[in-house]
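# Architecture and fold: a report
Letter by letter, the chains look like this.
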Amino acid sequence: MNCYDRRDLGLLLLRLGTGGVLAAHGAQKLLGWFGGGGIEGTGRAMEAMGYEPGTTSAVMAGLAEAGGGTLLALGLATPAAGAAAAGAMVGAAAVHAPNGFFAQAGGYEYAASLALTATGLAVTGPGRLSLDHALGHAVNRNWMVPAAFAATAAATAVVVGARNKRVRKAAEGEQEPLFD
């Protein structure tokens, strides 16, 4: 007989909460739900933030958030789901970093919290109240955690690095006023 413990329940609650929030954010980008811009509106916003091409960036971010969030909530392919979600949140944090840490001032606090929670779930595993457990952890092997994070880190570094380069180049011609 299986007896679930507090750890399993806690992981389920973390997965449902974090996964649900991420899936909703992805649905805003992909489908325009919950007041989101959909692919077209999000694509324009992504270009304004320095992510080009905007439409591709919107689709990729939306898939990482919606797909990663849904898989986290289900506890399925947890290493890949957590890594994908964390990568998307690192991209969001890069946009908010100039505003400092706290979300109140437009900082990266919220994105960092989601990224760290998704990372923690990927590393810890989904617990026994999950599809990964029900399927014998076929897509949740120990070796998958470093593999998923290595691939995501490489892709995120390229995408965020290119974005930061574009933002710096766009700001080169701007000069602060010398006198008020």
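A brief structural summary. (Residues numbered from 1 in each chain as written. Predicted model: local features only at pLDDT ≥ 70, side-chain atom pairs only at ≥ 80, totals over all residues. Heavy atoms only, no water.)

### Structural notes on the overall build of the protein
- Each helix and strand in the protein was counted, giving 7 helices and 0 strands.
- The order of α-helices and β-strands along the protein, N terminus first, is α-α-α-α-α-α-α.
- In terms of overall dimensions, the protein has a C-alpha envelope of 75 × 30 × 30 Å along the principal axes.
- A sequence separation of at least 24 residues applies to 68% of the contacts in the protein between residues at least 6 apart. (Helix = DSSP H or I, 4+ residues; strand = E, 2+ residues; numbered from the N terminus. Contact = heavy atoms within 4.5 Å.)

### Structural notes on the side chain of T156
- Mapped onto the secondary structure, T156 falls in helix α7 (residues 144-171).
- Contact partners of T156, with chain neighbours within four places excluded, come to G87, V90 and G161.

### Here we look at helix α3 (residues 54-74)
- The first and last C-alpha atoms of α3 sit 29 Å apart over 21 residues, in line with the 30 Å expected at 1.5 Å per residue.
- Taken as a whole, α3 has its buried residues at G54, S57, A58, A61, G62, A64, E65, A66, G68, G69, L72 and A73.
- Where α3 is buried, its residues contact α1 (6-31), α2 (38-48), α4 (78-96) and α5 (109-124). (Expected span 1.5 Å × (residues − 1). Buried < 20%, exposed > 50% of the residue type's maximum accessible area, 1.4 Å probe, protein only.)

### What about the side chain of T78?
- Note that T78 resides in helix α4.
- Classification of T78 as buried rests on a relative accessible area of 0%.
- Within the structure, T78 has its side chain in polar contact with the side chain of D132 (distance 2.6 Å).
- Not counting chain neighbours up to four residues away, the residues in contact with T78 comprise L72, L121, A122, G125, P126, D132, V139 and N140. (Polar contact = N/O pair within 3.5 Å; in protein donor to acceptor, adjacent residues only side chain to side chain.)

### Section: the pattern of salt bridges
- Following the criterion strictly, the structure yields 5 salt bridges and no others.
- Two residues, R128 and D5, come together in a salt bridge whose shortest N-O distance is 3.7 Å. In this pair, R128 is assigned in the loop between α5 and α6 (131-134) and D5 in the segment before α1, connecting sequence segments 123 residues apart.
- With a relative accessible area of 38%, D5 lands in the partly exposed category. (Salt bridge = Lys/Arg side-chain N within 4 Å of Asp/Glu carboxyl O.)

### Details of the packing of α2 against α3
- Where α2 meets α3, the axes come as close as 7 Å, and the angle between the chain directions of the two elements is 110 degrees. Classified by the interaxial angle, the pair formed by α2 and α3 is roughly perpendicular. By crossing handedness, the relation of α2 to α3 is classed as right-handed. Along its contact with α2, which presents I39, T42, G43, M46 and E47, the element α3 presents G54, T55, S57, A58, V59 and A61. (Axes fitted to C-alpha atoms, helices over the stretch in contact; angles between N-to-C directions. Parallel < 35°, antiparallel > 145°, perpendicular 65-115°, else oblique. Left-handed = near helix turned anticlockwise from the far one by under 90°.)

### Section: the environment of G32
- Along the chain, G32 falls in the loop between α1 and α2.
- Here the alpha-carbon distance between G32 and A93, two residues 61 residues apart in the chain, equals 21 Å.
- In this structure G32 touches A27, G37 and G38, once residues within four positions along its chain are discounted.

### So, the packing of aromatic side chains
- Per the stated rule, a full pass over the model turns up 3 aromatic pairs.
- Ring centres 5.1 Å apart and planes at 80 degrees place the aromatic pair F101 and F102 in the edge-to-face group.
- The partly exposed category is assigned to F101, whose relative accessible area is 37%. (Phe/Tyr/Trp six-rings, centres within 6.5 Å; stacked < 30°, edge-to-face > 60°.)

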